[in-house]
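Architecture at a glance
Listed here are the chains, written in short residue letters.
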Amino acid sequence: MAGEFPALRANEYRDAWCGQVLPDRVDSGVRVAGWVHRRRDHGGLIFIDLRDRTGLIQLVFDPDDTSGPAFELGHKLRAEDVLSATGQVVRRSDETVNPKMATGEVEIRVKDAELLADSETPPFEIESFSGEVSEEMRLRYRYLDLRRDRMREAIELRHRVTRAMREFLSGEGFLEIETPVLTRSTPEGARDFLVPSRLRRGSFFALPQSPQLFKQLLMVGGFERYFQIARCFRDEDSRADRQLDFTQLDIEMSFVNVDDIIDMNERMLAAVLAEGGVQVELPMRRIPYDEAITRYGTDKPDLRFGLELVEVTDVFRESEFKAFRGAIEGGAMVRALNAGTREMSRSDLDGLVSDAQELGAKGLVWAVVEGDGWRSPVAKFLSEAEISAANEALGASEGAVLLLVADEPLLSAEVLGELRRRLGGRLGLIEEGANELLWVVDWPLLEWAHDEERWDPHNHPFTSPAGEFDPDDPGAARAKAYDVVWNGWEIGGGSIRISDPDVQRKVFATIGIDEAQAEERFGFLLDALRFGAPPHGGIAYGLDRIVALLTRAESIRDVIAFPKSASGVDPLTAAPAPVDERQLRELGIAVRGGGPRREADGES
């Protein structure tokens with residue numbers, strides 16, 4: 001790591017990085033600066049490990065070498081004090097060499113030192129990364145948390161990843177172009193963050209959920225190859241892989257088809273992930289959406305382990321087991337999962353039933369294969385022929401644990417798919433260090449929103465249909481869409497866009513956006529498409545997710561310098577927070593709910 005840093009221009013604080021004080025500098029004078037990592041007092045000698053971004057170097061305060069004031073300072077130093085020290089680099093004795101440190105063969109015999117800033121006792125230890133420190137505490141004192149090796153390494157890797165993205169795309173003829181952060185509200189599925197306009201009271205800007213429409217306009221504008229490391233904003237609940245404000249790599253290309261985009265992106269992924277030591281085998285595997293749902297119960301399957309889903313509806317279609325037969329007659333599908341031969345307690349198996357119900361299923365049937373039958377709470381309701389047929393369909397042998405769900409077709413797949421994901425971790429089925437990247441392709445264009453009884457875009461309403469779009473049969477339409485999935489995380493998604501204004505209007509109408517609404521909300525896009533829009537498409541990657549996967553972090557919060565907490569607040573700055581009444585009056589805004597009503601200038 002130290003080798004990546006340029007030589008320093010000498011000043012009154014330092015002339016070398018701590019991590020670059022190596023054996024080739026023995027017998028030379030050096031001046032270093034940084035934070036006191038740890039202090040050890042060995043009688044007459046004081047040892048200080050000094051830390052900067054590049055690493056650690058051991059300082060030795062010896063009364064025979066160190067000036068009186070500096071030696072006295074050595075006695076007073078505490079962890080996280082900021083120090084500048086001057087001395088001579090010497091080789092350590094063989095018995096004191098520290099092979100765990102890059103600088104472990106040498107040390108600096110301090111001649112003079114200056115305390116640049118003293119530190120109060122930190123609320124947690126910097127040198128360790130103990131799980132005993134709560135995330136709330138880490139985020140409250142994020143500037144201290146960032147001093148830890150694990151956080152520093154994550155942020156440095158993030159820099160190298162973004163640099164690799166820029167270098168690759170620039171080499172492919174892409175231009176990095178900024179798009180507006182204050183724009184019009186065009187909801188894309190999540191809620192917008194709204195920004196009130198002071199100059200136009202009652203009107204609002206929105207922070208972009210993505211640069212989607214602007215990058216399409218850039219293609220109409222003739223730039224042909226665009227990218228941006230873009231900040232995006234979505235007012236949605238936080239999760240391990242989501243933040244209110246996040247960073248994405250945004251890409252758009254003209255005169256391309258799906259294969260062109262996938263080819264370029266595979267080569268980029270290979271270059272980018274190599275920064276984190278991950279080798280990408282090309283070409284990457286492609287799985288159609290329907291196959292992903294059928295075999296893995298999810299559109300972001302983790303292929304590092306097996307446990308594929310199997311449909312066994314026909315096995316139980318005439319069953320005397322009323323829960324299955326009745327569900328099937330009502331349009332349900334019975335899916336099953338062979339979790340393999342393993343020992344699981346009754347409480348573990350019943351726990352899976354609770355998990356399935358938590359995920360929305362009406363229930364779950366478990367069974368353990370014993371001889372020609374099953375050990376299961378429902379075995380007495382099933383015939384030998386049904387059990388035998390199910391075992392054959394699942395490839396189940398003695399001792400195999402089977403899980404079955406009878407429910408709506410998509411729900412049964414999703415529930416078993418999530419149980420499959422959880423079992424992969426719980427049962428230790430994932431090989432350490434394994435990586436599996438794939439494309440999920442051939443998506444449905446639209447999906448039926450049962451609660452609202454209307455069609456919704458599966459991705460966004462600007463995705464191009466594959467072939468002719470028939471408004472009378474929207475459920476049959478497929479999309480020229482593709483997602484990149486890595487170890488069960490979606491890290492990127494994109495599509496070929498609609499470049500024909502007539503097709504765009506048909507899609508809008510099908511999802512309930514009438515002509516007037518289309519003109520009001522998207523008139524600028526429809527106008528642009530009338531002036532010669534080339535065939536174009538692109539993709540957007542979650543930068544935070546990519547770095548989290550490279551570092552094996554459990555949450556993207558561990559690879560963002562200043563993230564929001566899981567509850568969507570910033571413990572460091574206490575945001576979001578009320579604003580001054582004067583600001584509200586200037587904007588003509590009244591705040592209602594969550595506390596006393598406040599109105600500005602009598603306007604609501």
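Description of the structure in this document. This is a predicted model, so every value here is computed, not measured.

Here is what the cut-offs are and how they apply
Residues numbered from 1 in each chain as written. Predicted model: local features only at pLDDT ≥ 70, side-chain atom pairs only at ≥ 80, totals over all residues. Heavy atoms only, no water. 1 Å grid on protein atoms, 1.4 Å probe; cavity = no way out; pocket = protein on both sides within 12 Å on 5 of 7 lines; lining within 4 Å. Points joined across faces, edges and corners; volume = space filled by probe spheres on them. Helix = DSSP H or I, 4+ residues; strand = E, 2+ residues; numbered from the N terminus. Nonpolar A, V, L, I, M, F, W, Y, C, P; charged D, E, K, R; others polar. Salt bridge = Lys/Arg side-chain N within 4 Å of Asp/Glu carboxyl O. Buried < 20%, exposed > 50% of the residue type's maximum accessible area, 1.4 Å probe, protein only. Polar contact = N/O pair within 3.5 Å; in protein donor to acceptor, adjacent residues only side chain to side chain. Axes fitted to C-alpha atoms, helices over the stretch in contact; angles between N-to-C directions. Parallel < 35°, antiparallel > 145°, perpendicular 65-115°, else oblique. Left-handed = near helix turned anticlockwise from the far one by under 90°. Contact = heavy atoms within 4.5 Å.

Attention now moves to the layout of surface pockets. The calculated volume of the second largest pocket comes to roughly 750 Å³. Together, 21 residues line the second largest pocket, and Phe193, Leu194, Pro576, Ala577 and Val579 are the ones closest to its centre. Among the elements of the structure, β7 (193-196) and α15 (581-587) are those that each provide at least two residues to the lining of the second largest pocket. Broken down by element, the lining of the second largest pocket gets its largest block of residues, four residues, from β7. Considered class by class, the residues forming the lining of the second largest pocket number 16 nonpolar, one polar and four charged.

Evaluated as defined, the whole model comprises 56 salt bridges. Across the pair Asp145 and Arg142 runs a salt bridge whose closest N-O atoms are separated by 2.8 Å. Note that Asp145 and Arg142 are positioned in helix α3 (residues 142-145) at a spacing of three residues, about one turn of the helix. Neither residue differs from the other here; Asp145 and Arg142 are each classed as buried. Among the ionic contacts, a cluster of salt bridges with common partners joins Arg138, Arg142, Asp145, Arg148, Arg150 and Asp558.

With that settled, consider the side chain of Ser197. Here Ser197 is to be found in the loop between β7 and β8 (204-207). At 3.4 Å, the side chain of Ser197 and the backbone nitrogen of Leu199 are in polar contact. One polar contact links the side chain of Ser197 to the main-chain amide nitrogen of Arg200, over a distance of 3.0 Å.

One can describe the packing of helix α4 (residues 149-171) onto helix α6 (residues 258-273) by two numbers: an axis separation of 9 Å at closest approach and a directional angle of 140°. The orientation of α4 relative to α6 falls into the category oblique. As α4 packs across α6, the resulting crossing turns out to be right-handed. Across from Val161, Ala164, Met165, Phe168 and Leu169 in α4, the residues of α6 making contact are Met264, Arg267, Met268, Ala271 and Val272. Along the lines of polarity and charge, the residues of the contact of α4 with α6 split into nine nonpolar, no polar and one charged.

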